[in-house]
Amino acid sequence: MMAAICLFLGLYFLCQFIANKTDRASLSFSLTLGTVSVYFLDMASEVLYLPFNIQLSVARCCFVYSIGFLVLFIRNLFKKDFRFTRYIVYGLFVVVTVAYIVSANSIPKLESLFTMTLAPVFAGIIYLYAMLIKALKSPDRRKAKALITGISVAMIFAIHDVVYQIIGVIPFAWLQGFSFFFIDITIFIVVSMESIENKRQISNLVASTSEQKDTLNNVIKNASRLSAETMEIATNLNEAVTAMAVAVQDTENQTQSIGEFISKQNESMKVTTGALEKLVNSVDAISNEVRVET
């Protein structure tokens, strides 16, 4: 049942990646779920799909793969650069795969190898804890808290099996499936909540964009109306300036006419003044003659 659930969720996140090739986190989580479903299937199924040793080797390789892909997923989820981490994880995959191929002909070797591979598995889980604790100081602290809770619950089940595996005693029930199930469900819930939040933000962004578009349309309409009014004002101003220029020209012409009239008046005054002077002289002469006659 857990293998089927993980496989279904893995296909779901694979479709998410196909729909958006930039969503590397969905691809990593899809690979995590796909590989762990193979491990669960081998634990639960009584049917051998491959020779026993080969099927056991493949299933236990997938167990290590699932942790490695989980580490890459967490780094992707929190937008961390995972180039160097990816090289380490893929290098570990190669070493583990070669080791299981070499040990596939011996059940005791496979059991010992599985015990040894628990070390990198725990190292991966510790690394996850370190990343999540560091993420508690970031804006994604809510996601980090939820993932720490899920992994902590899973570790309770995982430690049970690891202890029994180390001491060589078969436990009452294998609980590794429950540990991975809690991790996967927690991550699924966190990713789903993030997807819902992203859709809500996109919806708000679309509404805001629509509102800004309406505002911009109003601004354009107002600008168009203002432009028309400005053109009308410019036309009126141009007409006023033209009329003023004509008036100034008329005033200049009238001023020139007045100047000419004043010049003529000045000349008339000069002539009149000359005549008056002659008249005065004549009067004076007549006065002298009268005085002489007297």
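Residues numbered from 1 in each chain as written. Predicted model: local features only at pLDDT ≥ 70, side-chain atom pairs only at ≥ 80, totals over all residues. Heavy atoms only, no water.

Quick word on the packing of helix H2 (residues 24-44) against helix H3 (residues 52-77)
Two quantities define a packed helix pair, namely the angle between the helix axes and the distance between the axes.
Step number 1: Look at H2 against H3: their axes get within 7 Å of each other, and the N-to-C directions meet at 155°. Accordingly, the angle class assigned to the pair H2 and H3 is roughly antiparallel. Read as a crossing pair, H2 and H3 show a hand that is left-handed.
Step number 2: Residues that form the contact of H2 with H3 fall into these classes: 17 nonpolar, 6 polar and 3 charged. (Axes fitted to C-alpha atoms, helices over the stretch in contact; angles between N-to-C directions. Helix = DSSP H or I, 4+ residues; strand = E, 2+ residues; numbered from the N terminus. Parallel < 35°, antiparallel > 145°, perpendicular 65-115°, else oblique. Left-handed = near helix turned anticlockwise from the far one by under 90°. Nonpolar A, V, L, I, M, F, W, Y, C, P; charged D, E, K, R; others polar.)

Some points on the confidence of the model for the protein
Step number 1: Averaged over the protein, the pLDDT score is 77; the fraction of residues at 70 or greater is 85%.
Step number 2: In the model of the protein, helix H6 (residues 141-167) stands out as the element of lowest mean pLDDT, 70, in contrast to helix H4 (residues 83-103), which has the highest, 87. (pLDDT = per-residue confidence, 0-100.)

A short note on the pattern of salt bridges
Step number 1: Counted by the stated rule, this structure contains 1 salt bridge.
Step number 2: Of the charged contacts, one joins Arg60 and Glu111 as a salt bridge, the two residues approaching to 3.2 Å between their closest N and O atoms. Here Arg60, found in helix H3, pairs with Glu111, found in helix H5 (residues 107-135); they are 51 residues apart in sequence, far enough to count as distant. (Salt bridge = Lys/Arg side-chain N within 4 Å of Asp/Glu carboxyl O.)

Considering the state of the cysteines
Step number 1: Throughout the structure, instances matching the rule amount to 0 disulfides.
Step number 2: In this structure Cys62 is a free cysteine whose sulfur lies 7.0 Å from that of Cys61, the closest cysteine sulfur available. (Disulfide = S-S within 2.5 Å.)

Considerations on the packing of aromatic side chains
Step number 1: Counted under the stated rule, the structure contains 9 aromatic pairs.
Step number 2: On the basis of an interplanar angle of 45° and a centroid distance of 6.1 Å, the ring pair of Tyr90 and Phe93 is categorised as tilted. Remark: Phe93 and Tyr90 occur in helix H4; sequence separation between them is 3 residues, near one turn of the helix.
Step number 3: Overall, Tyr90 belongs to the partly exposed group, its relative accessible area being 38%. (Phe/Tyr/Trp six-rings, centres within 6.5 Å; stacked < 30°, edge-to-face > 60°. Buried < 20%, exposed > 50% of the residue type's maximum accessible area, 1.4 Å probe, protein only.)

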